[in-house]
Amino acid sequence: MRASFETIAWTPGGTVRLLDQTRLPLEEIYVECRDWPEVAEAIRLMRVRGAPAIGVAGGMGMALAARGLAADRFEPFLSELEQVGAALVRARPTAVNLRWGIERILEFARKRRDLPLPELRRAIADEARRMRDEDIAVNRAMGAHGQALVPDRATILTHCNAGALATAGYGTALGVIRAAVEAGKRVSVLAGETRPWLQGARLTAWELQRDGIPVRVIADAMAASLMRQGRVQLVVVGADRIAANGDVANKIGTYAVALLARAHGIPFYVAAPASTFDLRLASGAAIPIEERDPEEVTHIAGVRVCPPGVGALNPVFDVTPAEHVTAIITERGILRPPYPEAIRARIPVEG
Ligand code: MRU
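Because the structure is a prediction, the values reported are computed rather than measured.

Reading the values: rules and limits
Residues numbered from 1 in each chain as written. Predicted model: local features only at pLDDT ≥ 70, side-chain atom pairs only at ≥ 80, totals over all residues. Heavy atoms only, no water. Helix = DSSP H or I, 4+ residues; strand = E, 2+ residues; numbered from the N terminus. Contact = heavy atoms within 4.5 Å. Salt bridge = Lys/Arg side-chain N within 4 Å of Asp/Glu carboxyl O. Buried < 20%, exposed > 50% of the residue type's maximum accessible area, 1.4 Å probe, protein only. Pairing = 2+ DSSP bridges. Axes fitted to C-alpha atoms, helices over the stretch in contact; angles between N-to-C directions. Core = buried A, V, L, I, M, F, W, Y, C linked by side-chain atoms within 4.5 Å. Expected span 1.5 Å × (residues − 1). Near = heavy atom within 4 Å. Polar contact = N/O pair within 3.5 Å; in protein donor to acceptor, adjacent residues only side chain to side chain. Areas by Shrake-Rupley, 256 points an atom, 1.4 Å probe, with all protein chains shown as cover. 1 Å grid on protein atoms, 1.4 Å probe; cavity = no way out; pocket = protein on both sides within 12 Å on 5 of 7 lines; lining within 4 Å. Points joined across faces, edges and corners; volume = space filled by probe spheres on them. Nonpolar A, V, L, I, M, F, W, Y, C, P; charged D, E, K, R; others polar.

Caption draft 1: Molecular detail of the side chain of glutamine 147. Relative to the elements of secondary structure, glutamine 147 occurs in the loop between helix H5 (117–146) and strand S4 (155–159). Non-local contacts of glutamine 147, meaning those with residues more than four positions away in its chain, are made with Val176, Ala179, Ala180, Ala183 and Lys185.

Caption draft 2: Looking closely at the pattern of salt bridges. Taken as a whole and assessed by the stated rule, the structure comprises 24 salt bridges. A salt bridge links arginine 110 to glutamate 82; its shortest N-O distance comes to 3.1 Å. Of the two residues, arginine 110 sits in helix H4 (residues 96–110) while glutamate 82 sits in helix H3 (residues 74–88), which places them 28 residues apart along the sequence. Owing to a relative accessible area of 31%, arginine 110 belongs among the partly exposed residues under this scheme. We classify glutamate 82 as partly exposed; its relative accessible area is 32%. Arginine 178 is paired through a salt bridge with glutamate 207; the nearest N and O atoms lie 2.8 Å apart. Within this pair, whereas arginine 178 is found in helix H6 (residues 173–182), its partner glutamate 207 is found in helix H7 (residues 199–210), the two being separated by 29 residues in sequence. The buried category is assigned to glutamate 207, whose relative accessible area is 0%. Through salt bridges with shared partners, one network takes in Arg92, Glu290, Arg292 and Glu296.

Caption draft 3: How the structure looks around the sheet that holds strand S2 (residues 16–19). Read across the sheet, three strands follow the order S1-S2-S3 without closing on themselves; strand pairing throughout is antiparallel. Each having just a single partner strand, strand S1 (8–10) and strand S3 (30–33) make up the two edges of the open sheet. Averaged over all pairs of adjacent strands, the angle between their axes in this sheet comes to 20°, without regard to strand direction. Pairing of S1 with S2, which is carried by three bridges, proceeds in the antiparallel orientation. Counted as the bridge partner of tryptophan 10 is valine 16 from S2.

Caption draft 4: Examining the nonpolar core more closely. Residues Ile8, Val16, Ile43, Met62, Phe77, Leu81 and Ile124 are the most contacted members of the largest nonpolar core, which totals 45 residues. Elements with a contribution of two residues or more to this core: S1, S2, helix H1 (36–44), helix H2 (51–68), H3, H4 and H5. At eleven residues, H2 tops the list of elements feeding residues into this core. The residues contacting phenylalanine 77, other than those within four sequence positions of it, are Ala66, Leu69, Ala71, Leu117, Leu120, Arg121 and Ile124. Formed by 29 residues, the second largest nonpolar core is a distinct cluster that contains Met227, Ile266, Phe268 and Ile347.

Caption draft 5: Structural detail: H7. Its twelve residues place the ends of H7 16 Å apart at the C-alpha level, agreeing with the 16 Å of an ideal helix rising 1.5 Å per residue. With respect to burial, H7 is a largely interior element, nine of its twelve residues being buried. Every buried residue belonging to H7 is among Gln199, Gly200, Arg202, Leu203, Thr204, Ala205, Trp206, Glu207 and Leu208, and all of these are buried. Those residues of H7 hidden inside the fold are in contact with S2, S4, H6, strand S5 (188–192), strand S6 (215–218) and strand S9 (248–251).

Caption draft 6: Representation of the site of the ligand in the model. Around the ligand, a shell composed of 19 residues is seen, among which Arg49, Arg92, Asp240, Asn250 and Lys251 lie nearest. Aspartate 240 places a side-chain nitrogen or oxygen 2.8 Å from an oxygen atom of the ligand. Lysine 251 places a side-chain nitrogen or oxygen 2.7 Å from an oxygen atom of the ligand. Burial of the ligand by the protein chains amounts to 99% of its free accessible area of 420 Å². Of all the secondary-structure elements, those providing two or more residues to the shell around the ligand are H2 and S9.

Caption draft 7: Local environment of the sheet that holds strand S10 (residues 268–271). Pairing in this open sheet of seven strands is mixed, and the strands run S6-S5-S4-S7-S10-S15-S16 from one edge to the other. Across the chains shown, the open sheet's two edge strands, defined by having one partner strand only, are S6 and strand S16 (333–335). Strand-to-strand twist of the sheet, defined as the mean angle between neighbouring strand axes without regard to direction, takes the value 25°. Pairing geometry for S4 and S5, over five bridges, is parallel. Paired with threonine 155 across the two strands is serine 188, which belongs to S5. Contacting strand S15 (327–330) and S16, helix H11 (residues 339–346) runs over the sheet at an angle of about 155° to S16.

Caption draft 8: Quick peek at the layout of surface pockets. One number sums up the size of the second largest pocket: a volume of about 350 Å³. In terms of lining, the second largest pocket is formed by 13 residues, of which the most central are Trp197, His299, Ile300, Ala301 and Gly302. Mapped by element, the contributors of at least two residues to the lining of the second largest pocket are helix H10 (295–298) and strand S12 (299–300). Partitioning the lining of the second largest pocket into residue classes produces five nonpolar, three polar and five charged.

Structural data, given as structure tokens:
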């Protein structure tokens, strides 16, 4: 299955091309970033979003920065690049993949201090492109492991968008679903709409429809009742950061879905690559949770739906305790509880 769109690409002209996810599903518009502040802005505004996708965008932003730096010796070059990394990582706080993407480029540069700078700049751009290609390969590996957990004829509930749009391609949670379809399983997907930003209604529905995978959108509040009626066989979601004990930060509402799945005896799977694990954090309590503009809640598609003058809360991620996670699907295999041991055995410390 080949995607008919490209979430993120390094163009032959040396710019970063993004499918603008603020405009989907009604308009399919690509934007080009010519320098790293434009990449940072695109991440902040969620033109590109989803943990692995912003990791790759961060790497490409660093490559744009490396190309533009005036330094003519390695030490000032590296120090300026580190400053760019420190600014870029602030674009969004919760998904650790952004930090991972930036640090990967910095580490790559540090190990090549002996290269002439023009050569190093080119090598960094190649590395950023490699990150994109590797992400797709990692997602396919995750899909191959994860599809074994999907029964034929299953109805699968997913939350937010952990698909090709949230990665360089193929997806994490939706990669598992794509792999199940490729293995001949007749599945159907329920996409939780994912208020407030509507990633499920706008993005998951869009990309699955394009691939011809049966999908229906449900309001988030419908999950409990559908589970009780036996109309959901499993849940699979992505993750923005997984702590060393297996606690999972993902889109707001994920925790509620996990509790509902537990209450109804339905498996709750998380699909995430090694780059989403943050082994510096002992538990999910230390994961920073992004708060966005309350207007995302008080308005829908720019139209106010709350009385003027009424405020709103907008924490955009939550943490699901590891005890509610049936298994974590990674490119290195399927992790099962107890997670601290399983994670230590399979996930390298650098993530
Ligand atoms: O705010 P978003 O849309 O960037 O949040 C995305 C999610 O929560 C995804 O589920 C997560 O990044 C996994 S993507 C493969």
